[in-house]
Amino acid sequence: PPAATGDASASVRTAVPDVASFSGLWSQDPETVRAGATAIRKWLSTEHNPPIAECINRGFVPRLVELVRSVDLASHNSKCIAFEAAWALTNVASGNSEHAFHVVRAGAVPVFVALLSCGDPQLSEQCSWALGNIAGDSAALRDVCLESGALGGLLSFLSRQPDTSGLRNGVWALNNLTRHSPPPPLPSVAPALPLLRTLVLDSEDEEVLAGTCWALSYIAGASTSGAVAVGSTGVCPRLVELLGRPHPALLAATLRVLGAVAASPAIREVVQAGGVAAMLNILEVESRRSTRRMAARALARVAAAGPAHVDVLIEHDVVSRLPHDTRYVEEAEAYARVLFSMCQGAGPTQVVKLFQDGFFGWALCQRLSHHNGTVTRLAAEGLALLAECGEAASRSSMQP
């Protein structure tokens, strides 16, 4: 979601609107408080160089947190005040790490978490947005949000089927709870998997799908157990289907999930879902080099999984369908990795098939003269593996 951003320490400052309205934040009159909160929110909503540091230095953040905390859900005006205050805090948290930490130190996170289930869709959505900004800052603040129960609160909010805006913001916040390095432990994010599965299977909104798949990719990419957990949800057939969508962010996220699952013991989920054919199709029709690289890396993971999966690649005629235009170094490395992984994962039966395929040997030899050292190394090591395995198979067949 488009949070306010900018360097709050920049020399160019936004003019301060009606200072008298800011002081209304501490008034005993609800209308005056509402006007003050709204004025601060608008001040912080400046597109370029929002005055976040100035807002902090004026001492507004603790008072804004208190206005959100003390909301009377039976009062329309009180909810409006809390909404404006939460919006202002969301913009403060969209600044640099120190700005986000300042919001956290003011005690905002448990307040936002509590209001995710307040029953007011607009206020809950704004709190989800604020939590997304905080969790998105760093692993440290992500963990603060997780420890404060943000995951459970977001799952509760999303399970109530908010409107499209609420769903997109909630998924984005959930996404931020699963990312950063080091990744969160699997037990702390695994409760999100059933809802993520439901969203992948049922949603047709590509922004929601992309956010959901990025969350799945972070969980799957964090550990082998995470990849197995994602694979066991049964989402791989739907993910393979989504590879046919032209949405760039969705395509990238989906390839990340499938690649991570393919590198785990759950690889069968990807292969049986038709992942190999879908990834090859991307290599043939996709115009973005970065996407082709991701597809090639996923195929390399399939190949490295062992003889049965090398057979799948052979059956799909991967070698002849693999692009052999090696002008772009990163792409050339990705394609060389596929060939090397086939050599690495092959057993004696597959080695015979690869030797019989003259095109496979040509594809490796062609790369021996490539100007990139990684490409030539992968080609040379691949040929060495084939030769070694072939010699072992020959010796075995000669024994009485």
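Residues numbered from 1 in each chain as written. Predicted model: local features only at pLDDT ≥ 70, side-chain atom pairs only at ≥ 80, totals over all residues. Heavy atoms only, no water.

Describe helix H6 (residues 97-105), naming the residues involved and giving the relevant values.
For an α-helix, the turn length of 3.6 residues means that residues three or four places apart are oriented alike. Regarding H6, the residues found buried are His99, Ala100, Val103 and Val104. Buried residues of H6 fall within an arc of 145° about the axis and therefore sit on the same side. Residues of H6 that are buried in the fold lie against helix H3 (52-57), helix H4 (60-69), helix H5 (76-93), helix H7 (108-115), helix H8 (121-135) and helix H9 (139-147). Here H6 starts with a cap whose side-chain oxygen sits 3.0 Å from the backbone nitrogen of Glu98, and that cap is Asn96. (Buried < 20%, exposed > 50% of the residue type's maximum accessible area, 1.4 Å probe, protein only. Helix = DSSP H or I, 4+ residues; strand = E, 2+ residues; numbered from the N terminus. Arc of directions from axis to C-beta. Contact = heavy atoms within 4.5 Å. Polar contact = N/O pair within 3.5 Å; in protein donor to acceptor, adjacent residues only side chain to side chain.)

So what's going on with the nonpolar core? Which residues, and what values?
With 131 residues, the main nonpolar core has Ile40, Phe112, Ile134, Val230, Met342 and Phe360 as its most contacted residues. A total of 10 residues in this core trace back to one element, the largest contributor, which is helix H17 (residues 248-262). Excluding its chain neighbours within four sequence positions, the residues that come into contact with Phe360 are Val319, Leu339, Met342, Cys343, Leu354 and Leu386. (Core = buried A, V, L, I, M, F, W, Y, C linked by side-chain atoms within 4.5 Å.)

Tell me what's going on with the pattern of salt bridges, and back it up with residues and numbers.
What the rule picks out here adds up to 17 salt bridges. Between Arg245 and Glu206 there is a salt bridge whose closest N-O contact spans 3.5 Å. One end of the pair, Arg245, is in the loop between helix H16 (236-242) and H17; the other, Glu206, is in helix H14 (residues 206-222), and 39 residues separate them in sequence. One salt bridge connects Arg293 with Glu330, and the closest N-O pair in it is separated by 3.3 Å. Taken together, the positions of Arg293 in helix H20 (residues 289-304) and Glu330 in helix H23 (residues 329-345) put the pair 37 residues apart, joining distant regions of the chain. Taken together, the salt bridges that share partners define one network made up of Glu204, Glu206, Arg238, Glu241 and Arg245. (Salt bridge = Lys/Arg side-chain N within 4 Å of Asp/Glu carboxyl O.)

Which residues make up the packing of aromatic side chains, and what are the values?
Any two aromatic rings considered together are summarised by their centre-to-centre distance and by the angle between their planes. Enumeration over the complete set of coordinates arrives at seven aromatic pairs. Measuring from ring centre to ring centre gives 5.5 Å for Phe22 and Phe60, while their planes differ by 75°; the resulting arrangement is edge-to-face. Taken together, the residues span a long stretch of sequence, with Phe22 in helix H1 (residues 19-23) and Phe60 in helix H4 at a distance of 38 residues. In this structure Phe22 comes out as buried when scored by relative accessible area, which is 2%. Relative accessible area serves as the criterion here: at 3%, Phe60 is assigned to the buried category. Measuring from centroid to centroid gives 6.4 Å for Trp43 and Phe60, while their planes differ by 75°, and the two rings are edge-to-face. (Phe/Tyr/Trp six-rings, centres within 6.5 Å; stacked < 30°, edge-to-face > 60°.)

Geometric descriptors of this kind do not, in isolation, establish any biological role.
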